[in-house]
Amino acid sequence: MYINRALLLAVGVFLVFSPAMGEWIFNQGIVWHRPYQLWLLIVVAAYWNQRTRYPDEL
Amino acid sequence: MSFSLAQLLLFIVAYLSGLFAVAYLADRGIIPERISKHPATYVLSLGVFAGAMATNGVMDLAYRYGYNFLLYYGGVVFMFVFAALLLLPLLRLCRVYQLASLADVLTFRFRSPWVGAAITVAMCLTLLPLLALQIQAVADSIQIMAGDADNLFSRESQQNGLALLFCIIITVFSILFGTRHLSAQERNTGLVTAIAFESLVKLAAMFILLFAAVYGVFGSFGEVERWLADNPQVSNAMEHSLRDNTARTLLVVFFAGAVCMPHIFHMVFAENTDSRDLRTATWGLPLYLLLLSLPILPVTWAGIKLGHALPIDYSGLALGLTARSTAISAAAFVAGLSAASAAIIVTTLALANMCLNHLILPTRLLQIDRELNIYTQLKWLRRTLIGILILAGYTFFITLSGSQSLTQLGLVAFSGTLQFLPGIIATLYWPAANRKGLIAGLVIGLTVWFFLMLLPLAGNYPAPMWSLLPENMLAAGANRWADGMLFSLVLNAGLFVLVSLLTTASAEEKVAAEICSMDDLSRPIRRVLSLQSAEEFSRQLSSALGEKTARAEVNRALAELQFSPGESRPYALRRLRARLEANLSGLLGPAVAYSIMERCIPFQPGMQDSTEDFHLIERKLDRAQTRFTGLTADLDNLRRHYRETLNNLPIGVCSIGDDGEILLWNRSMEQITGIVARDILGSRLDSLPQPWRQIMGSFLQGDSDTQLKTEVAGNGDQSTWISLHKADADTGSGDKPAGTVILVEDITSFELLEKELLHNERLASIGRLAAGVAHEIGNPVTGIACLAQNLEFETDPDEVRYTALDILKQTDRISRIVESLVNFSHAGSNAGELTLAPSNLADCVDETIHLLALDREARPVHFDNRCDRELVVLADTQRLLQVFVNLLGNARDACDDFGQVDILARCKGEEVVIDIEDSGCGIPPELQAQVFEPFFTTKDPGAGTGLGLALVFSIMEDMGGSVSLTSPLHNGPNPGTRITLHLPRASYGDAFEA
């Protein structure tokens, strides 16, 4: 079974840090767009992760 | 400000017509492919996920649970960011096996039409709330726009009528969109482009609402923050904290929805043509959803600030109505309409395909007339199903009487589809799962979902069920929903695992499990088909599909695989069968396709343990190369290295399976045989062209593992020579070998060189004899000269006659010497032809002794020819002479002066055994194995070429005889050597009879 180790690490990091992220989002006063900043960060990370152009592997 | 119903309905028709125009233009190619097939179009089409729940329902979620509304998007974002977990493997499966829906995937994995039927029924049931949600959102919006918001919750017949009108319109357009293509697997470019266009419209409308809320209601973004600071009850509500458990459950629910919801599944997998597009979607869709969700909070807050009487879901419409702005109202209406219509169109299309493939066709509820066009009948069936499904959604909607919010409907639908998640995960990650476990888990999960989620929608709480549940589940709000979802999921997964562990999976399930699991390096079995050609495929399939459709499907599969219509290679036929099953799966569903293929194109029974399909494994490994890392990549590199080594070996290598299929054919084989690997790989040995079929076939069947020299007749005069070796190919997995490896060495150049050297050896012999010949001829010539001189003065006629007789005698002697020499030298001139005929052995030995006697410089050994004068052997006289010259010459050289060489012969059965014994120095045992090798000599440099005995060995083999040696014969200073020849016995009568 092939699962990318980086992917597993990312899932682990997400699970470990999700409470801290939640705290950061909700307990820092009313900056309503703060969750979107985190979201944008995830988008950038996802873009960074797939920027290597693979051939159509199917 | 209000609109008339006619205006609104006309607007809906106009909007959907515009959408259809986009689809039509894209299908016709008027919208260029660089747009319709751009990755961005695919990514935007995935915006179908954001139905009315995303444009309206989430505002209610945000209002009630603050930032937790983001979980709705978070689940999908998580699914796409971590696409490698589920999406990419599923895409691979769907693309390779032409699976277009979740039911297709699970039916394929669990190899049961019942699984497909169960999934389809369950999916239709769980999707009813989602369809009702879309219908309700549009019907409510129409009513609000028509200025009848006060009666929104009364669900008077007028609103039901509006909903029905909308359903009729959307049914027409769903049919127009969804059934333009024959197969569910054909990419519907028009649909993808239209849904992408809708996503853009939705986004634009939401941004209009964002600016209307921020600048129209608050004044600026700064004012929004000031208003929040002034209204702590709102900001506190934003920080509404769900229990961690609840938040994670909701995240899992929406995560599952991203792959289990049929409309998302359809757009992600069935409409994907390039896996790179899905990679783009891993960041593209999260970005799109980020933009789409940005207006939610400001618009919701604007709705709160305005204090309108409408449900918070319709805050966008409230903005327009309060500002009396047609543009803002239209934007809010279009946002909801586009979201709902996209969701309905794609959902019903996907569900219709599932119903057709898993309910109608496998159970033969409706018989397909094989004489008519199957494609047209399927299209009409699909259209009817779309109508029925929208009608079911409408019926559900009016049954609820508008008692539920959009959020509740959405949560029920999402929690229903959550029940399919264990099946999906097991498909990819748990090969031990079986269909009994899946069905058991689904039944329990959906039962709990039905009682805890669906029934409460209608305000019906069955007391016995609730009394079994923990106390907190009865608490109102999101926690109750989350606990109910978690409870059903845990029961579902638990029973699934338990039943799967306690029961056994069928053999078919195990094969499918291997295919589906990500451990794709499992061995595809090379099974043997009963049919021998593509033409037979057509004939067999016509019993199930009708002659015309069967031929069309076989031709289509052949064209896709780039095979010729006359294809008959087993490997190609296996691939053709797999492609046909995949294509039929797209047309009729995997269950029906599987059953047709099993019935019409079965594999031969009893071949389950055939060897692996190495060719297929290689292809898969080659394709998967980019995904290997670490040890796997190292192993793959090793594999490539060994394959290249094997391919580039200067010796031909071919591997043949136990069923006679050619599995390996390296480059040297191509050069030696002139047969290209791609033409022959996967074929049977008996499909090789002559003479290779005969040569390889007889060698494979023969007992001997080695064939040192085989002549291969070429097209012209050119012949080639090969040597063959074979060995069993044992994979170590079974008792019997998995096949045979044959090594083929081209020894033509060696053979030619050997012949040339042998010719040289003969010339050398002639050279050595030349002095003797000169002497032998010189004597009679001197005699003739003397006689001729005397003759000049002779007058007595009697003396003249005697002298003439003497001269004739001398010339006879010369003639005989010359004849012997010519005979010997001719032996090699026609080396390629061997003429076996009865030969008198004793005469041949005499001739040899006579020839050897010409060598004056040789030792004066005594040759004793003790062969029976009647013995006749089957041989080529010239070659036999050459054999004796070499053997007797060697015997003489081995003897000292006055040595003795005896030549004896005896009959032994059908053979004549000839012994040549000398009284020479003998041959040491350690050298005996080498003496027949070319260029091996014990003589002084220059005295021998080392080719004599090699020549003898070669000639004897050509004549069907053999040669061996024994040494020493006795102890003492001259131990002696015996060379033994075996030759077939013959008689002159045989030749005559022949």
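Given the structure is predicted, the values throughout are model-derived calculations rather than measurements. (Residues numbered from 1 in each chain as written. Chains lettered and ligands numbered in written order. Predicted model: local features only at pLDDT ≥ 70, side-chain atom pairs only at ≥ 80, totals over all residues. Heavy atoms only, no water.)

So, on to the overall build of chain B. Of the regular secondary structure elements, chain B holds 41 helices and 12 strands. Relative to its full complement of 994 residues, chain B shows a buried share of 55%. In chain B, of all internal contacts separated by at least 6 residues, the share reaching a separation of at least 24 is 75%. As displayed, chain B offers around 41,400 Å² of accessible surface, 58% of which is attributable to carbon and sulfur atoms. (Helix = DSSP H or I, 4+ residues; strand = E, 2+ residues; numbered from the N terminus. Buried < 20%, exposed > 50% of the residue type's maximum accessible area, 1.4 Å probe, protein only. Contact = heavy atoms within 4.5 Å. Areas by Shrake-Rupley, 256 points an atom, 1.4 Å probe, with all protein chains shown as cover.)

It is worth spelling out the overall build of chain A at this point. The secondary structure content of chain A amounts to 2 helices and 0 strands. Taking all 58 residues of chain A together, the buried fraction comes to 26%. About 3,800 Å² of surface is accessible on chain A, with carbon and sulfur atoms providing 67% of the total.

As a further point, take the packing of aromatic side chains. Any aromatic ring pair is given by two values, namely how distant the centres are and how the planes are angled relative to each other. All names here are of chain B. Taken as a whole, this structure holds 22 aromatic pairs over all chains when the rule is applied. When the ring of Tyr72 is compared with that of Phe254, the centres are 5.1 Å apart and the planes differ by 85°; the resulting orientation is edge-to-face. Here the residue Tyr72 occupies a position in helix H5 (residues 70–81), and Phe254 occupies one in helix H13 (residues 244–260), the gap between them amounting to 182 residues. Among the residues examined, Tyr72 registers a relative accessible area of 1% and is labelled buried. The interplanar angle of 15° and the centroid separation of 6.0 Å between the aromatic rings of Phe211 and Tyr215 together place this pair among those described as stacked. Taken together, the residues Phe211 and Tyr215, both in helix H10 (residues 189–218) and 4 residues apart, mark about one turn of the helix. (Phe/Tyr/Trp six-rings, centres within 6.5 Å; stacked < 30°, edge-to-face > 60°.)

Turning our eyes to something else, we now look at unusual backbone geometry. Residues and elements named next belong to chain B. For the bond from Gln690 to Pro691, the omega torsion is 5°, close enough to zero to count as cis. Position of Pro691 relative to the elements: it lies in the loop between helix H33 (677–680) and helix H34 (692–701). For the bond from Ser967 to Pro968, the omega torsion is 0°, close enough to zero to count as cis. With a phi angle near 50°, Arg111 is a residue other than glycine that sits in the positive phi range. Looking at where Arg111 falls in the secondary structure, it is placed in the loop between helix H7 (102–110) and helix H8 (113–145). Of the residues examined, Arg111 reaches a relative accessible area of 15% and is grouped as buried. Of note, the phi angle at Arg324 is positive, near 55°, even though the residue is not glycine. Mapped onto the elements, Arg324 comes out in the loop between helix H17 (315–323) and helix H18 (326–363). Note on Arg324: relative accessible area 60%, which makes it exposed.

This paragraph deals with H8(B). Residues and elements named next belong to chain B. Along its 33 residues, H8 runs 47 Å from first to last C-alpha, staying within 8% of the 48 Å computed at 1.5 Å per residue. Remark: the principal bend of H8, roughly 35°, maps to Leu127, with a proline, Pro129, within the next four residues. Counting buried positions along H8 gives 28 out of 33 residues, so the element sits mostly inside the fold. With a side-chain oxygen lying 3.1 Å from the backbone nitrogen of Trp114, the N-terminal cap of H8 falls on Ser112. (Expected span 1.5 Å × (residues − 1). Bend = angle between axes of the 7 residues up to and from the residue. Polar contact = N/O pair within 3.5 Å; in protein donor to acceptor, adjacent residues only side chain to side chain.)

Residue and element names in this part refer to chain B. Looking at where Asn231 falls in the secondary structure, it is placed in the loop between helix H11 (221–230) and helix H12 (232–238). Accessibility expressed as a relative area gives 17% for Asn231, which makes it buried. A polar side-chain atom of Asn231 sits 2.7 Å from the main-chain carbonyl oxygen of Trp227.

Chemically, a disulfide is nothing more than a covalent bond linking the sulfur atoms of two cysteines. Considering all chains together, one arrives at 0 disulfides over all chains under this definition. The structure places no disulfide on B:Cys867, whose sulfur is separated from the nearest cysteine sulfur, that of B:Cys844, by 9.7 Å. (Disulfide = S-S within 2.5 Å.)

For the rest of this paragraph, the subject is the pattern of salt bridges. Residue and element names in this part refer to chain B. Here the structure, examined in full by the defined rule, presents 22 salt bridges over all chains. Residues Arg579 and Glu560 are paired through a salt bridge, measuring 3.0 Å at the closest nitrogen-oxygen approach. With Arg579 in helix H28 (residues 570–588) and Glu560 in helix H27 (residues 547–561), this residue pair connects regions lying 19 residues apart in the sequence. With relative accessibility at 29%, the residue Arg579 sits in the partly exposed group. For Asp893, the salt bridge goes to Arg892, with nearest N and O atoms at 4.0 Å. Note on Arg892: relative accessible area 7%, which makes it buried. Taken together, the shared-partner salt bridges in this structure form one network comprising Arg111, Arg577, Glu581 and Glu598. (Salt bridge = Lys/Arg side-chain N within 4 Å of Asp/Glu carboxyl O.)

On to the sheet that holds strand E10 (residues 911–918) of chain B. Strand pairing within a sheet occurs via backbone hydrogen bonds; the two strands may be parallel or antiparallel. Residues and elements named next belong to chain B. Read from one edge to the other, the open sheet built from 5 strands follows the order E7-E9-E10-E12-E11, with strand pairing classed as mixed. Edge positions in the open sheet fall to strand E7 (862–865) and strand E11 (962–966), since each of these has one partner strand only. Sheet twist, expressed as the average angle between the axes of neighbouring strands with direction ignored, equals 20°. Inspection of the sheet shows strand E9 (residues 900–908) paired to E10 by 8 bridges, in the antiparallel sense. (Pairing = 2+ DSSP bridges. Axes fitted to C-alpha atoms, helices over the stretch in contact; angles between N-to-C directions.)

Glancing now at the confidence of the model for chain B. Any residue range with low pLDDT should be treated as having predicted coordinates unsuitable for detailed reading. Taken as a whole, chain B shows an average pLDDT of 81; of its residues, 85% reach a score of 70 or greater. Predicted confidence in chain B is weakest over helix H23 (residues 463–467) of chain B, with a mean pLDDT of 49, and strongest over helix H3 (residues 39–45) of chain B, with 93. (pLDDT = per-residue confidence, 0-100.)

On to the pairing of E11(B). Residue and element names in this part refer to chain B. Covered by surrounding structure in E11 are Val963 and Leu965 only, the residues Ser962, Ser964 and Thr966 on the alternate face being uncovered. Alignment of E11 against strand E12 (residues 978–984), held across 5 bridges, turns out to be antiparallel. Looking across to E12, one finds that Ser962 is bridged to His982.

Given 3.6 residues per helical turn, the α-helix brings residues three or four places apart onto the same face. All names here are of chain B. In terms of burial, helix H6 (residues 87–97) is a largely internal element, 8 of the 11 residues being buried. Within H6, burial applies to Leu87, Leu88, Pro89, Leu90, Leu91, Arg92, Leu93 and Cys94. Note on H6: the residue one or two positions beyond its end, Gln98, has a positive phi of about 55°.

To continue, consider the sheet that holds strand E1 (residues 652–657) of chain B. All names here are of chain B. Read from one edge of the open sheet, 5 strands run E2-E1-E5-E4-E3, paired in antiparallel fashion. In the strand order of this sheet, the two ends are held by strand E2 (662–665) and strand E3 (706–713), each with one partner. Strand-to-strand, the axes of this sheet are offset by a mean angle of 25°, without reference to chain direction. Across 8 bridges, strand E4 (residues 719–729) lies against strand E5 (residues 739–746) in antiparallel orientation. Within the sheet, the bridge partner assigned to Ser723 lies in E5 and is Glu745.

Turning our eyes to something else, we now look at the packing of H5(B) against helix H15 (residues 275–293) of chain B. Residue and element names in this part refer to chain B. Contact pair H5 / H15: the axes reach a minimum separation of 8 Å and the direction vectors enclose 165°. Compared by their axis directions, H5 and H15 come out roughly antiparallel. Considering how the two elements wind past one another, H5 and H15 form a crossing that is left-handed. Of the residues in H15, those in contact with Leu70, Tyr73, Val76, Val77, Phe80 and Val81 of H5 are Leu278, Ala281, Thr282, Leu285, Pro286, Leu289 and Ser293. Broken down by class, the residue content of the contact of H5 with H15 amounts to 11 nonpolar, 2 polar and no charged. (Parallel < 35°, antiparallel > 145°, perpendicular 65-115°, else oblique. Left-handed = near helix turned anticlockwise from the far one by under 90°. Nonpolar A, V, L, I, M, F, W, Y, C, P; charged D, E, K, R; others polar.)

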